[in-house]
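Coordinates in review
Residue strings, one per chain:
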Amino acid sequence: MMKPGKAAGLSPVALEFSMLRIASLFCALVSLALWTISPANASPEKFSEILTRDFKLIQHSSVKTIGPVLEAIQQSGFDGAAEFLGKWQTKELWFREQDDRFFYATTEDKKTYELIDAITGETTAGVGKREIKQVKPNSGVRRLLDSALLQFRLTSSDTSVRSASLDSIERDAKPEHLSVIRNAIKDEIDPDLRQQFIQLERLLTLQFGQASQERISTAKGFAGSLDLDVRAKLNPILQTSVGFAKALPRDINLARVIVPGKTTIANDGSATGFSVLDWWFTEQKPELELNEAYALLVKEKAAPALIDRQQRDAALIAHMKDGRVGGYEISELNSEKVRDAAYSSLARSGKVSQTVTDANIKEAVGSYIFYAAYNEPDAEVTTAIRETLNSINASVRWNKFLDLALDAISLASIYFLAAIGLAITFGVMRVINMAHGEFIMMGAYSGYVVQQFVPNYTASIIVAVPVAFTVTFAAGVALERLVIRHLYNRPLETLLATFGVSIALQQLAKNIFGTQARPLTAPEWLDGALVVNDVVSISWIRVAIFGLSILFFTGLWWTLNKTRFGLETRAVVQNPRMAASMGINPDKINMLTFGLGSGIAGIAGIAIGLYAKVTSELGNDYIVQSFMTVVIGGVGNIWGTLAGAGLIGILQKLIESVNPSNTLAAQTYMIIFIIIFIQFKPRGLMALKGRAAEA
Amino acid sequence: MTDLTMPTPGPGNEFGGPLTRFLIRHPSGIWFLGLLALFTLGITVLSEGFGLDLISTSLVKTFGKTLCFCLVALAMDLVWGYCGILSLGHFAFFGLGGYMIGMWLMYARTEIIVVTAGAYAALPMTKDEIDSAIGTQIFGVVGGSEFPAIWTFAHSLWLQFLLVILVPGLLAGVFGWLAFRSRVTDIYLSILTQAMTLALALYLFQNDSGLRGNNGLSGLQNLPSLESTPQSVVSIWFLWASAFALGLGYITIKLIVESKFGNVIRAIRDDESRVRFLGYNVEAYKLFVFVLTAIIAAIAGALYYPQAGIINPAEVTPIASIYLAVWVAMGGRGRLYGAVLGAAFVSLLSSLFTGGQAPNISLGIYEFQWVDWWLVLLGITFVATTLYAPNGLGGLFDLFAPKRRSGDG
């Protein structure tokens, strides 16, 4: 049992023991004996002293007088002080005039109240409504109470309370928070939280700082920062509002003078001439169109309102008489021109208000100067913040480029993975296998099936890789033996036959696994992303896919160039009869090579399945791109496949970055680009030279 | 030989125009036209709309659509079976034709609806108001109301008819010119055409393509200002139109393949370099065939989609073009009746088995469902056809007919 006497001076840990507990102990504690309390806990007395002394001030509190009282309460060290302030703020604080004491009151029924003494915690039941009065703080006082309460929370011994209140300030910052935060920083002991405090203090200084010098220096300190919060706080300070006047007013912080319909906003916040090219390339429009400027004039009653089409038509309908209006038959009113003419004639006869013509609009707008002024009055501050923002934007642009590059590389490695198997079967053996996509799908489904039996995700992936390879290797060998062997040197027939296989396999997968997507779950260590900063990040799965494609590339290159099997493969590809006469069995080599290409497709299927959904149409999504990758890169050369994947991946991301919302369009343009590219490099980026090229 | 400009002496020369003489010299054409006429008449007589009400309207439509498939298969046979270009893009041209005619159908019908509704307004509608109301009706699903530039001619049936020919023709022309010029041949050409098809499909899938993205064009079965005519009658009209187009297409393609031109393209199929060395402009021949077949495919599509009622980008994806190749291969390429036979046979079987009408077969422990297994069977049959019966269904005729020069079907 904690000794009551020590409660106030204890370490944060002990205090954490719970505020609740202390509060409940308190009734007992105080009523037991005030005299047993050690000097360290003299606060209730001090508190009650304050309450007695400042009774009138609390009762009729005003913003002017309440400051010292709140300070005194905060410094009293009394544990119930926060509760007191809270009740005061939410208008649950009452007082009794007969003994000048404060209570927290709750209604028992409509006439009587139960009172809890604010200091002692004594309860008195059945007090009539006439005996007590409510303390009603006005809104200014409530705001002060708010910050005082905040101070309590920010200095709370509970770290989570401090962190939560910090977050709440971040969400909804008010000017008065600045001093509160500054007070709290001094006492913060948690290093992480202290860092957050300092950051928040700087952000609040930017927004609400009193002296412009401190705001300027803070703004400069943020130069180049990639923090999203910083940008979110800096931008509002540069908000402008558009105004107009006969002559440019002197007392504003002018951002730019706007010429309606002619200027747009430059990077530094000034006005710059608008050209049609801007619109063509960036769909940027003039900052203020002529009619928008006029609407502004109308809004401020500086110009007569326009008659829009609806009003005009309504007026025409209202003035119809005997099937005619404004000198026209109603049936004639089927064009804008006639309707305008009819309205004008109505206006001439004084029945409706005059129309505003384009010339009127031009004249009215031309007689005023339009400008955008910063809402922030201090010009030095806006300049400093503009500079900071520009430096931030520059570094954001650079980092976005970096992010784009990472994206492009990761997309390229996915294309590479999907195409690498094809680089062997199509690229090296010249067998066009339309079922290649279905081998990728089979690999992904193998992974899914393995995960049904091996619940540990890490283990299951390790098991799935050889399983997928074996399954697709076997499928590849079977396909080669049963179909492709009969069709060597008849490429179009091979294409058709393997397409038949592809239809059958896809439908088979649908029959077995159903049409809905099956999950292939990545192990936890592949969850999440490698976060470099607020702009640059890349998910671990993509990093893994990148690693895998590097591994495949080197492995395959090594197999084809440094092993006996690779040598024989190349020999058979270049001249099967010569190879056969050298003792190589071309049948066997063809079978194994085809199996190898298919097996690699299976492993690629696992990698692709980890980040995409596994469906029976998984292969469909990659087959055309895979062929493109191989063709663009140059057939018969895995370096070419690497180059092709790189080109396609980078290109697609580049096109996407122009219009990020439309990936479909990006793919369309990319394919068109490829078709044009093949015009100039029909044999791909890395064309084989010499005799092999004709094979 | 069968050059039209220089008729060889023979019994057919004595009477009739050149076409009649041509047909007499090639009786298979007469056979084909006769059977087609008989088929069309038979369906008409038995149909709900005109005759005995033994064939439902939806079945009439299925037959009409099948005739369109036969026409596009003929085109595919010309470009692939005779000229050796395995195009995986001809169904995209088919779809484009459908889109072009669909634009008019949708526009005209919406215009009628808008104008009818506008008749009750206090003021007569202006042209702008009508346009924007139609735009809202058509593009509301993709969150737009403005007409994209490609709809400029949608108000006019004749201009849109012209576009049915021009748009796919131009696309095929530009693509073919690029591809043939750089000597892309064989499988590379196939892959490239597949890429073109994919690009087109992806483009159409976008919401801001101007053709309603994913939703495609719908309600095409309702002919503008003919709402009162029942579908049973309309379906017969389309059957006739499709049959007429198929007959015309058959004769046209027959004329081409039996001419000197036909010999050249067959020679290109068999050995392109040799034909080039003989001084022929191979690229021009190929381009002509490619564009012509694209236009025939587009016309087939323009007849097909008003019967189908809806077109969306999924119809244009590469897989559809590959199925087209499958039809022709199964029917037997390099002979015109083979392509027609393959398209009719496979597409009718497909709609029978995937429509869920065919009875399931109970195999004791497993219920064999045609819907599930049809594609597997088709795939396997197709592989077997390619391996063991390269002449396809048409090859069956060779068993009965006296031995003839191949490719002269």
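Now for a quick tour of the structure. (Residues numbered from 1 in each chain as written. Chains lettered and ligands numbered in written order. Predicted model: local features only at pLDDT ≥ 70, side-chain atom pairs only at ≥ 80, totals over all residues. Heavy atoms only, no water.)

Considerations on the overall build of chain A
Quick reminder of the rule: Under the DSSP-based scheme used, a helix requires at least four consecutive residues in state H or I and a strand at least two consecutive residues in state E, with every element numbered from the N terminus. Radius of gyration: over C-alpha atoms. The globule rule applied is 2.2 Å multiplied by the number of residues raised to the 0.38 power. Between buried and exposed lies partly exposed: a residue is buried under 20% and exposed over 50% of the maximum accessible area for its type, with that area taken using a 1.4 Å probe on protein chains only. Should any heavy atoms of two residues lie within 4.5 Å, those residues are considered in contact. Lys and Arg are tallied as positive, Asp and Glu as negative. Neither His nor the chain termini are counted. Lysine's charge is taken at NZ, arginine's at CZ, aspartate's at CG and glutamate's at CD.
The number of helices and strands found in chain A is 29 helices and 14 strands. Computed over the C-alpha atoms, the radius of gyration of chain A is 39 Å, more than 25% above the 26 Å expected from 2.2 N^0.38 for a compact globule of 695 residues. Dimensions along the principal axes, computed over C-alpha positions, put chain A at roughly 120 × 95 × 55 Å. With 695 residues in all, chain A has 45% of them scored as buried. The contacts of chain A with a sequence gap of at least 6 include a subset with a gap of at least 24, amounting to 67%. Taking the average location of the 68 positive side-chain charges in chain A and that of its 66 negative ones, the two points are 6 Å from each other.

Digging into the interface of chain A and chain B
What counts, and what does not: Once two parts are joined, some of their accessible surface, as seen by a 1.4 Å probe, is lost; buried area is that loss totalled over both. By salt bridge we mean one thing: a side-chain nitrogen of Lys or Arg within 4 Å of a carboxyl oxygen of Asp or Glu.
With 50 residues of chain A at the contact, the number on the chain B side is 51 residues. In total, about 4400 Å² of surface goes out of reach between chain A and chain B, with carbon and sulfur atoms giving 75% of it. Sorting the residues of chain A by area buried against chain B places A:Leu492, A:Leu496 and A:Gln679 first, and these three jointly supply 15% of that buried surface. Run the count over chain A and chain B and you get two salt bridges.

Focus on the pairing of strand β2 (residues 101–107) of chain A
Residues and elements named next belong to chain A. Formally: Here a strand pair is declared whenever DSSP counts at least two bridges between the two strands.
Judged from the four bridges that link them, strand β1 (residues 93–96) and β2 form a sheet pairing that is antiparallel. Residue phenylalanine 95 lies in a different strand from β2, and its bridge partner there is phenylalanine 102. Linking β1 to β2, which pair antiparallel, is a turn of four residues; within it aspartate 100 sits at a positive phi near 55 degrees. The pairing of β2 with strand β3 (residues 112–117) spans five bridges and is antiparallel. Paired with tyrosine 104 across the bridge in β3 is isoleucine 116.

Description of the sheet that holds strand β4 (residues 123–128) of chain A
Residue and element names in this part refer to chain A. Operational definition: Fitted lines through C-alpha atoms give the axes, limited to the stretch in contact for helices. The angle between two N-to-C directions lies from 0 to 180 degrees.
The strand order β4-β3-β2-β1-β5 describes an open sheet built from five strands, whose pairing is antiparallel. At either margin of the open sheet sits one strand with a lone partner, and together these are β4 and β5 (132–134). The mean angle between the axes of side-by-side strands here comes to 40 degrees, regardless of whether they run parallel or antiparallel. Strands in contact with helix α6 (residues 81–89) are β1 and β2; relative to β2, the strand with the most contacts, it is inclined by about 60 degrees.

Focus: the sheet that holds strand β6 (residues 240–245) of chain A
Paired through backbone hydrogen bonds, the strands of a sheet run either parallel or antiparallel to each other. Residue and element names in this part refer to chain A. If you walk across this open sheet you meet the three strands as β6-β12-β7, and the pairing is antiparallel. Two strands close off the open sheet at either side, each with one partner strand: β6 and β7 (254–258). On average, each strand axis in the sheet is inclined to that of its neighbour by 25 degrees, with strand direction left out of account. Examined bridge by bridge, β6 and strand β12 (residues 369–374) share six bridges and lie antiparallel to one another. In the strand pairing of β12, threonine 240 is matched with tyrosine 374.

A few points about unusual backbone geometry
Here the phi dihedral of A:Lys301 falls at roughly 60 degrees; this positive angle occurs in a residue that is not glycine. Looking at where A:Lys301 falls in the secondary structure, it is placed in the loop between α14 (290–299) and α15 (309–318). A positive phi angle, close to 65 degrees, is found at B:Arg212, a residue other than glycine. Locating B:Arg212 in the fold gives a position in the loop between α7 (186–205) and β1 (217–218). Its relative accessible area of 7% is what places B:Arg212 among the buried residues.

Quick word on the pattern of salt bridges
All names here are of chain A. The full count for this structure, using the stated rule, is 23 salt bridges over all chains. For glutamate 568, the salt bridge is made with arginine 564, and the minimal N-O distance between the two is 3.0 Å. With glutamate 568 and arginine 564 both in helix α23 (residues 564–574) and four residues apart, the pair spans about one turn of that helix. Given the relative accessible area of 17%, glutamate 568 is considered buried.

Section: the environment of B:Asn391
Residues and elements named next belong to chain B. Among the secondary structure elements, asparagine 391 is positioned in the loop between α14 (370–388) and α15 (395–400). Look at asparagine 391 and you get partly exposed, because its relative accessible area is 37%. The sequence separation of asparagine 391 and leucine 41 amounts to 350 residues, and the corresponding C-alpha distance is 30 Å.

What about the packing of helix α3 (residues 57–82) of chain B against helix α11 (residues 282–308) of chain B?
Residues and elements named next belong to chain B. This is how the line gets drawn: Here roughly perpendicular refers to angles of 65 to 115 degrees, roughly parallel to angles under 35, roughly antiparallel to angles over 145, and oblique to all remaining angles.
Put simply, α3 and α11 touch, their axes get as near as 9 Å, and they point 170 degrees apart. Comparing the axis directions of α3 and α11 gives the class roughly antiparallel. Together, Lys61, Gly64, Lys65, Cys68, Phe69, Leu71, Val72, Ala75, Leu78 and Val79 of α3 and Val289, Phe290, Leu292, Thr293, Ile296, Ala297, Ala300, Leu303, Tyr304, Gln307 and Ala308 of α11 make up the contact between the two elements.

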